[in-house]
There are 2 protein chains.
Amino acid sequence: MLNKSDCQKCSNDKNSIFKLLNKQERSIFENNKQCTSYKKNEIIFKEGDMPSGLICLCYGKVKLIKEGVGGRDQIIRMENSVNFIGFRALFAGEHYIASAVAIEDCTLCYLDKKTLDKLIKANGNFALEIITILAKELGVSNERTLSLTQKHIRGRLAESLLVLINTFGYEDDGKTIKVYLSREDLANLSNMTTSNAIRTLSMFASEGVISIEGRRLSVEKFETLKNISSLG
Amino acid sequence: MLNKSDCQKCSNDKNSIFKLLNKQERSIFENNKQCTSYKKNEIIFKEGDMPSGLICLCYGKVKLIKEGVGGRDQIIRMENSVNFIGFRALFAGEHYIASAVAIEDCTLCYLDKKTLDKLIKANGNFALEIITILAKELGVSNERTLSLTQKHIRGRLAESLLVLINTFGYEDDGKTIKVYLSREDLANLSNMTTSNAIRTLSMFASEGVISIEGRRLSVEKFETLKNISSLG
DNA sequence: CAATGTATGTGTTTTATAACACAAATTTAA
DNA sequence: TTAAATTTGTGTTATAAAACACATACATTG
């Protein structure tokens, strides 16, 4: 458990929704938040757990993984800082439907549900912003369902790479995707077997669309990747 | 366009979220709502349209259908009265990602976005309820993605039948599903081709799990249906 | 009420992708 | 610093489901 002051990102990040709070509300938030950290590969929460508060991912990267039929897990979401994780279950008043696993060392902030509800009830713009976040997320999920069910393997993998680019961006070279996943994770994100992820990734490389150095994936032909994603 | 007083369901239905409004807020709602009706098969809104207000389905049944890759449409949602339709896009500030089609004669209520936002900002409990609805819906969508991608045909179709029972209930005989869909709609709901929906439905019938009379589907062995859904 | 279109039903073929099997490389642990 | 475990890579086989091709039944309409 870190000192409260160790984490300023949750409220000071440029996109932080806590900026919508007024001075007094803001201090309620600051006085009730709690910071923690997790090492790479540690489980932040497990599918089936009951959420007790809002979790803000301040530093690090997280995958949200859901147990599938017969051991075939599905990654339903990749999250970069600064963003919330596990807020769906919290707001729905339900158990988590996926587990959150740190894929890098992470720092998190907690805010208990009671305080959060108080802030939502007190500040209409804050409430509306949460409504917007959930509604956008629901759109993403609906689109994702269509992609995962109707696109072919190449399209699904290409789309996953685009999602990773969108979520994590590039390294300084402007082409290496700023996240390092196992082939298995890439497969679970793209709804395919690990062997097919490996094979398809190699195909992309041999076509010059990407280049591969272990888990380092660099995009060489972005437009081609987008084409594969939308046509596949 | 009907007279305002023709529709009382949107605010008087036992589960209506408008019951959370106080007297004054309630009258704002009543004074600004507009009622319309649609005939069976009419399009209420189209994928790509921009929403202008909240739509409450007061009478009738609706399917929400999304264009897929190469003409393979997907039904992303079935809605019964009294419930909202198209609220996701409205709250996200985005275009509709699916079209709403009346599968029976329908009566709808509209409430413009401006008035709705006013009510959300004014009433924290109302805001929290909308947050809960969206969060639950996002959970359903995540579960659905897993089912549609990982279950086999039999499991997917069985699950769709369970969804229909859950949404529309039974006729007075306590076993006939209270909605009459084409085989194509059933297929689009279950992510399969029409022929496979027909074939699988026949299999269920020959196994005695359901009985079929045209579009009338009656559940003979509910537990078996649940087993097929969860194991498939 | 014929005629045309649409929905349903069934068999056959094709294909995308999972499943399996194993080898090589890499990482982790002893 | 060797052994064990895990991850990556590749070829082969098996299979679930799409695609295709008709036939029949049912609706709709001129």
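Bear in mind the structure is a predicted one, so any value in this text is a computation, not a measurement.

So, how was this worked out
Residues numbered from 1 in each chain as written. Chains lettered and ligands numbered in written order. Predicted model: local features only at pLDDT ≥ 70, side-chain atom pairs only at ≥ 80, totals over all residues. Heavy atoms only, no water. Helix = DSSP H or I, 4+ residues; strand = E, 2+ residues; numbered from the N terminus. Rg over C-alpha atoms; globule rule 2.2 N^0.38 Å. Buried < 20%, exposed > 50% of the residue type's maximum accessible area, 1.4 Å probe, protein only. Areas by Shrake-Rupley, 256 points an atom, 1.4 Å probe, with all protein chains shown as cover. Axes fitted to C-alpha atoms, helices over the stretch in contact; angles between N-to-C directions. Parallel < 35°, antiparallel > 145°, perpendicular 65-115°, else oblique. Contact = heavy atoms within 4.5 Å. Nonpolar A, V, L, I, M, F, W, Y, C, P; charged D, E, K, R; others polar. Near = heavy atom within 4 Å. Polar contact = N/O pair within 3.5 Å; in protein donor to acceptor, adjacent residues only side chain to side chain. Buried area = accessible area lost by both parts, 1.4 Å probe. Salt bridge = Lys/Arg side-chain N within 4 Å of Asp/Glu carboxyl O.

### Considering the overall build of chain A
Within chain A one finds nine helices and 10 strands. The C-alpha radius of gyration of chain A comes to 19 Å, within 12% of the 17 Å expected for a compact globule of 232 residues. The principal-axis extent of the C-alpha atoms belonging to chain A is close to 55 × 40 × 30 Å. Put simply, chain A has 232 residues, and 54% of those count as buried. Carbon and sulfur atoms make up 48% of the accessible area of chain A, which totals about 10300 Å².

### Quick notes on the packing of helix H2 (residues 23-32) of chain B against helix H4 (residues 113-122) of chain B
All names here are of chain B. Packing of H2 against H4 brings their axes to within 10 Å, and their N-to-C directions diverge by 170°. One element, H2, and the other, H4, form an angle in the roughly antiparallel class. On H4, the residues that touch Glu25, Ile28, Phe29 and Asn32 of H2 are Thr115, Leu119 and Ala122. Split into classes, the residues belonging to the contact of H2 with H4 amount to four nonpolar, two polar and one charged.

### Comments concerning the protein's contact with DNA strand D
Taken together, 17 residues lie near DNA strand D, and Arg183, Arg199 and Arg215 of chain A together with His152 and Asn196 of chain B sit nearest. Sugar and phosphate atoms constitute 70% of the interface atoms of DNA strand D, taking the interface as everything within 4 Å of the protein. The contact in question runs from a phosphate oxygen of DNA strand D to an N or O atom on the side chain of Arg215 of chain A, over 3.0 Å. Between DNA strand D and Thr193 of chain B, the relevant distance is 3.4 Å, taken from a phosphate oxygen to a side-chain nitrogen or oxygen of the residue. At the level of secondary structure, the elements contributing two or more residues to the surface near DNA strand D comprise helix H7 (183-190) and helix H8 (194-206) of chain A together with helix H6 (153-168) and helix H8 (194-206) of chain B. With four residues, H8 of chain A is the largest single contributor of residues to the surface near DNA strand D. Looking at side-chain class alone, the surface near DNA strand D contains three nonpolar, eight polar and six charged residues.

### Notes on the protein's contact with DNA strand C
In the neighbourhood of DNA strand C, 16 residues make up the surrounding shell, with Ile153 and Asn196 of chain A together with Arg183, Arg199 and Arg215 of chain B lying closest. Within the contact set of DNA strand C, a phosphate oxygen lies 2.5 Å away from a side-chain nitrogen or oxygen of Asn196 of chain A. Between DNA strand C and Arg183 of chain B there is a distance of 2.9 Å, counted from a phosphate oxygen to a side-chain nitrogen or oxygen. Broken down by secondary-structure element, the contributors of at least two residues to the surface near DNA strand C are helix H6 (153-168) and H8 of chain A together with H8 of chain B. Top element by residues in the surface near DNA strand C is H8 of chain B. It accounts for four residues. Looking at the surface near DNA strand C residue by residue, the classes come out as three nonpolar, eight polar and five charged.

### Concerning the interface of chain A and chain B
Opposite the 39 residues of chain A that make contact, chain B presents 40 residues. For the pair chain A and chain B, the two sides together bury roughly 3700 Å², of which 66% comes from carbon and sulfur. Of all residues in chain A, the largest losses of buried area upon contact with chain B belong to Ile131, Leu138 and Gln150 of chain A, amounting jointly to 17% of the total for that side. Counting across the interface, chain A meets chain B through two salt bridges. Put simply, Glu143 of chain A and Lys66 of chain B hold a salt bridge, and the shortest N to O gap is 3.0 Å. Our enumeration of links across chain A and chain B arrives at 18 residue pairs in polar contact (both at pLDDT 80 or more). When residues of the side of chain A that touches chain B are traced back to their parent elements, those giving at least two are strand E5 (74-80), helix H3 (87-92), helix H4 (113-122) and helix H5 (124-150) of chain A. The leading source of residues in the side of chain A that touches chain B is H5 of chain A, at 21 residues. In terms of residue class, the side of chain A that touches chain B is made up of 15 nonpolar, 12 polar and 12 charged.

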